[in-house]
Amino acid sequence: MEIDANTRAIGESHSKLILLGEHAVVYGKPAIAMPFPLKVRCIVEETIGHVMLNSIVYTGVVDHMPREMQGIAACMKETLNYLGKPLENLSISIDSCIPLGRGLGSSAAVAIAMVRALFAFYGKELSKEELFSLVQISETYAHGNPSGIDMVSEASDCPVWFEKGKEVLPLKSTAPLFIAVADTGRMADTRTAVDNVKKRYAANPEKVEQSLEKIDHMANKAKAALLKGDIQCLGELLNDNQQELMKLGVSDEGLNGLVQRALKAGALGAKLTGGGMGGCMLALGKNMEHAKLIAKELREYGASNSWYFSTDSDMLYGVYE
Ligand code: PMV
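Because the structure is predicted, anything quoted here is derived from the model rather than measured.

**A word on the site of the ligand**
- Taken together, 17 residues lie near the ligand, and K16, H143, S147, D150 and T190 sit nearest.
- Between H23 and the ligand, the recorded distance is 2.9 Å, taken from a backbone N or O atom to an oxygen atom.
- Contact with the protein chains removes 97% of the 390 Å² of surface that the ligand exposes when unbound.
- When contributions to the shell around the ligand are tallied by element, the ones reaching two or more residues are β2 (8-20) and α4 (149-154).
- Across the shell around the ligand, the residue classes break down as six nonpolar, eight polar and three charged.

**Examining helix α2 (residues 106-121)**
- Look at α2: 22 Å from first C-alpha to last across 16 residues, which is about the 22 Å you get at 1.5 Å a residue.
- Count one or two residues on from α2 and you reach G123, which has phi positive near 65°.

**Some points on the sheet that holds strand β12 (residues 305-310)**
- With antiparallel pairing, the five strands of this open sheet are ordered in space as β10-β11-β9-β12-β13. One side of each edge strand has no neighbouring strand; the edge strands of this open sheet are β10 (269-273) and β13 (316-318). Strand-to-strand, the axes of this sheet are offset by a mean angle of 25°, without reference to chain direction.
- Of the strand pairs in this sheet, β10 and strand β11 (residues 280-285) are connected by five bridges, and their pairing is antiparallel. Residue pairing in the sheet places G269 in a bridge with L284 of β11.
- Packed on one face of the sheet, helix α9 (residues 288-301) meets β9 (178-183), β11, β12 and β13 and runs near 175° to β12.

**Describing a nonpolar patch on the surface**
- On the surface, I56, V57, L100 and M187 cluster together into a nonpolar patch covering about 430 Å² of accessible area.
- You can see V57 is positioned in the loop between β4 (52-54) and β5 (59-61).

**Some words on the environment of I43**
- Topologically, I43 is positioned in strand β3 (residues 31-46).
- Linking I43 and S107, residues 64 residues apart in sequence, is a C-alpha distance of 16 Å.
- Excluding residues that lie within four positions of it along the chain, I43 makes contacts with R8, A9, I10, S91, I92 and S93.

**Overview of the side chain of D183**
- Along the polypeptide, D183 turns up in strand β9.
- In this structure the side chain of D183 is engaged in a polar contact, spanning 2.6 Å, whose partner is the side chain of R102.
- Those residues in contact with D183, other than ones at most four positions away along the chain, are P99, R102, G279, C280, A303, S304, N305 and W307.

**Topic: the packing of aromatic side chains**
- The tally for this structure, following the rule as stated, stands at six aromatic pairs.
- A ring pair is formed by F36 and W307, whose centres lie 5.8 Å apart and whose planes are at 85°; its orientation type is edge-to-face. Of the two residues, F36 is situated in strand β3 and W307 in strand β12; the sequence distance between them amounts to 271 residues.
- The class of W307 is buried, set by a relative accessible area of 7%.
- Aromatic ring contacts, followed pair by pair, group F36, W307 and F309 into a single cluster.
- We note K223 situated over the ring of W161; from NZ or CZ to the ring centre the distance is 4.2 Å.

**Observations regarding the confidence of the model for the protein chain**
- When pLDDT is averaged across the protein chain, the result is 94; 98% of the residues are at 70 or more.
- Throughout residues 1-5 the model reports pLDDT below 50, and contacts reaching past four residues in sequence, or to other chains, amount to eleven contacts.

What counts and how
For every chain, the first residue of the written sequence is number 1, and numbering continues from 1 along that sequence. Confidence filtering applies because this is a predicted model: local features only for residues at pLDDT of at least 70, side-chain atom pairs given and counted only at 80 or more, and all residues used for totals across whole chains, interfaces and linings. The side-chain values count all of the structure's non-hydrogen atoms but skip hydrogen atoms and water molecules. Whether a residue is near a molecule or strand depends on its heavy atoms: if one lies within 4 Å, it is near. Two N or O atoms form a polar contact when they lie within 3.5 Å of each other; inside protein one atom must be a possible hydrogen donor and the other a possible acceptor, and for residues adjacent in sequence the pair counts only when both atoms belong to side chains. Surface accessibility follows the Shrake-Rupley procedure with a 1.4 Å probe radius. Residue values consider only the protein chains on display as shielding. Strands are runs of DSSP state E lasting at least 2 residues, helices are runs of H or I lasting at least 4, and numbering of each runs from the N terminus. Under this grouping Gly is polar, as are all residues other than the nonpolar Ala, Val, Leu, Ile, Met, Phe, Trp, Tyr, Cys and Pro and the charged Asp, Glu, Lys and Arg. Take the residue count of a helix, subtract one, and multiply by 1.5 Å to get its expected span. Any two strands with at least two DSSP bridges between them are considered paired. To obtain an axis, a line is fitted to C-alpha atoms, over the contacting stretch when the element is a helix, and the angle between two such axes runs from 0 to 180 degrees between their N-to-C directions. Contacts: residue pairs with any heavy atoms within 4.5 Å of one another. Each patch is built from residues that are more than 30% exposed by relative accessible area and take part in no salt bridge. Like charges join if they lie within 9 Å; nonpolar side chains (Val, Leu, Ile, Met, Phe, Trp, Tyr) join within 5 Å. The working definition used for a salt bridge is a side-chain nitrogen of Lys or Arg within 4 Å of a carboxyl oxygen of Asp or Glu. Stacked, tilted and edge-to-face pairs are distinguished by plane angle, under 30 degrees for stacked and over 60 for edge-to-face with tilted covering the rest, among Phe, Tyr and Trp rings (Trp via its six-membered ring) whose centres lie within 6.5 Å. The buried label goes to any residue with under 20% of its type's maximum accessible area, the exposed label to any with over 50%, and the partly exposed label to all in between, with areas taken from a 1.4 Å probe on protein chains only. Comment: the charge-over-ring label is applied if NZ (Lys) or CZ (Arg) is within 6 Å of the ring centre and within 35 degrees of the ring normal. The predictor rates its confidence in each residue with pLDDT, a number between 0 and 100.

What follows is the structure, given as structure tokens:
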């Protein structure tokens, strides 16, 4: 964050990957998430008149923001209200590299960047508690009943162990992870995916509970594997997690195809990441060259985009045809 004589301030955030435990986390099970170095930047500037928003989705006065941006609008209004500032004389620009609705947590990342920029603009310190309670407003619009894992992992600089309502623990792997991420190119509908799991739970509680218990167990084993640097074991757990996500009905043909392709390319493990039903998947490589190869093969297979990176660096590499 930086402040420029109070006439301009910048707030930033990165996106996130859920390594293991999505969906189960909504039911109080643990999950592991990590920063993904795709970034969003929000610039707040002084102007005269109505608050103006400038983003790839919408440019214009805040009062006419489209339905899909209502969470951000509500978060902005509540932040200004909390700061005791009027809803006027501001220009808010959002510049994001995070594709929308792909399970990479773009909505929480935009809200984090915006809350940070507004606090910086008014020269106010921002605590984690303030940040999370303001971003949660936007997340509730996006997801209905979000676990909070997106905003917590996006406000963190290292992987986190997350359990709803409990203290968030930083989780540093003793060995770097080499990860390839691929985008199906289709919007992931997290709200529908979460609702579908809920319906399955209502229809067949024993079966869904069994999957959730297994994922809980996997998350605990993955935590131990990360702490030991046992990447082979972590890969197997990613595969097991994908099997349970398939049983929960949140994977789809496109995601399954990319997962299979990654495994064929020698990935140690692969699974969807985020809400599923479209969106992105991730695969664990043996080293950086291998992650690059997997990302390249996923792109050739039909991913609309793919990236690779190592958790010991902030650099993200894209694969371009
Ligand atoms: O699709 P995303 O990036 O918003 O991730 C959602 C993760 C879920 O576990 C499916 C939902 C949640 O609130 O934790």
